[in-house]
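Examination of the molecular architecture
The residues making up each chain are set out below.
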Amino acid sequence: QLDFWVPDSVDLVEPGRRVDFRAESHVSYDVQALLEQSGISFEIMIDDLQVALEKQRDSNIRAVHSYEKYNDLDTINAWSANIAAQNPSLVSRSQIGTSYQGRPLYLLKVGKSGTNKKAIFIDCGFHAREWVSPAFCQWFVKEAVNNYGSDAQFTNLLNNLDFYVLPVMNVDGYVYSWTTNRMWRKTRSVNPNTSCIGTDPNRNFNAGWCTVGASSRACDDTYCGATPESESESKAVANFIRANIGSIKGYLTIHSYSQMLLFPYSYSYAVAKDHTELNNVAKGAVSALTALYGTKYTYGPDLAAGGSDDWAYDAGVKYSYTFELRDTGRYGFALPESQIKPTSEETLLAVKYIANHILNNA
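Every value quoted in this text rests on a predicted model; they were computed, and no experiment measured them. (Residues numbered from 1 in each chain as written. Predicted model: local features only at pLDDT ≥ 70, side-chain atom pairs only at ≥ 80, totals over all residues. Heavy atoms only, no water.)

1. Quick look at the sheet that holds strand E9 (residues 298-300)
Operational definition: Two strands make a pair as long as DSSP finds a minimum of two bridges between them. Each helix is a run of H or I in the DSSP string that is no shorter than four residues. Each strand is a run of E no shorter than two, and both are numbered from the N terminus. Structural elements are reduced to axes, namely lines fitted to C-alpha atoms, with helices fitted over the stretch in contact, and the angle between N-to-C directions of any two is expressed from 0 to 180 degrees. Note on contacts: a residue pair qualifies if any of its non-hydrogen atoms lie within 4.5 Å across the two residues.
With mixed pairing, eight strands are arranged side by side in an open sheet as E3-E4-E6-E5-E7-E10-E8-E9. The sheet is open, and its two borders are formed by strand E3 (91-98) and E9, each paired with just one other strand. Pairs of neighbouring strands in the sheet enclose a mean axial angle of 20 degrees, with direction left out of account. The strands touched by helix H3 (residues 73-86) within the sheet are E3 and strand E4 (104-110), with E3 carrying the most contacts at an inclination of about 140 degrees. Its contacts with the sheet place helix H5 (residues 152-160) against E4, strand E5 (118-124) and strand E6 (161-166), and it is angled at close to 90 degrees to E6.

Structure (structure tokens):
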């Protein structure tokens, strides 16, 4: 019973690829012995995950909401209402759906009002334990509000593009990762005929659904769900994009970790018809990101089925990208709060690069 972190499914393990996984303490020595017997080189990155998680909250900020600490869902929801109320000419909030457990899915629309504007959809918090992801969505909105009118590039983007920002997609799972199980990944929906809870929302889209890297077993972390869009959260995102497909030219979904910028296709080895352009844009975005702190990113297609990025691309959103933020395994999902600011700053440069390309080319 290993918890695969990177790649996120045992099916995606391949020769020459580094693998990160978590083992429960009572089996850790057996796992270590097995690796040694097999001659597989390994390194213990996090000796005691509980200690690492306690150290994760290394910010001294005691304010209820801060952009440099991890905020729980109630705090994020209060923040989104507040930032919309304080910046009515730039930000508005709506509800695009309700989670399995009845929580609202709040969406922020960021941009100056105008007609026939192109739009980019950004979502965070697909996987509950990837806490740095919602932190980035909050950071992005803050930067948009603070830089409008003073930063020429951001002002131009906001005048000519709308950004739809979903700060937390998997709201039930996110709450559960705060209250009960920090390493929880999936939604919290009940699956019939089993006590195993939840579906992986990023295996729940109709793009090569339930094939490579996805599981049909409800107890697995990469469970694809009973049907595509079986999860109310996945359906809310898909419905919103379908309803606004005429204007949405970009789709950015923010995950962690492994420092990668991915684009279609992940559900097959087929090369996307826009591969060359998507690859060039990714290369430029990664270059912009790396320039700030030297953080190394890889880019290109990955392998996993049922992802929202492939689905959005097939639905007609050409510029569809998945970000896997910091780091490469030293902290993994226990990335310290002190890394929120540099992670968000560098990621913002890549997002602005992609947005600028969309503005000029879509």
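2. Focus: the nonpolar core
Defined as follows: For this analysis, a nonpolar core means a set of buried residues of the types Ala, Val, Leu, Ile, Met, Phe, Trp, Tyr and Cys, connected via side-chain atoms within 4.5 Å. Burial status follows relative accessibility: with a 1.4 Å probe on protein chains alone, a residue under 20% of its type maximum counts as buried, one over 50% as exposed, and anything between as partly exposed.
Grouped together as the largest cluster of nonpolar side chains are 79 residues, with contacts concentrated most on Phe121, Phe140, Phe163 and Tyr321. Not counting chain neighbours up to four residues away, the residues in contact with Phe140 comprise Ile122, Phe154, Phe163, Val165, Leu348 and Val351. Within the second largest apolar cluster, nine residues are counted, among which are Ala52, Tyr257, Phe333 and Ala334.

3. With respect to the UniProt feature "active site" (unreviewed entry) in the chain
Stated precisely, the cut-off is as follows: UniProt positions are given in the numbering used here, feature names are shortened, and annotations may be inferred rather than shown by experiment.
The residues that UniProt annotates with the feature "active site" (unreviewed entry) are Glu324. Here Glu324 lies in strand E10 (residues 319-325). Residue classification places Glu324 among the buried positions, given a relative accessible area of 14%. The residues touching Glu324, leaving out its near neighbours within four places in the chain, are His255, Ser256, Tyr257, Ser258, Gln259, Met260, Leu262 and Tyr297.

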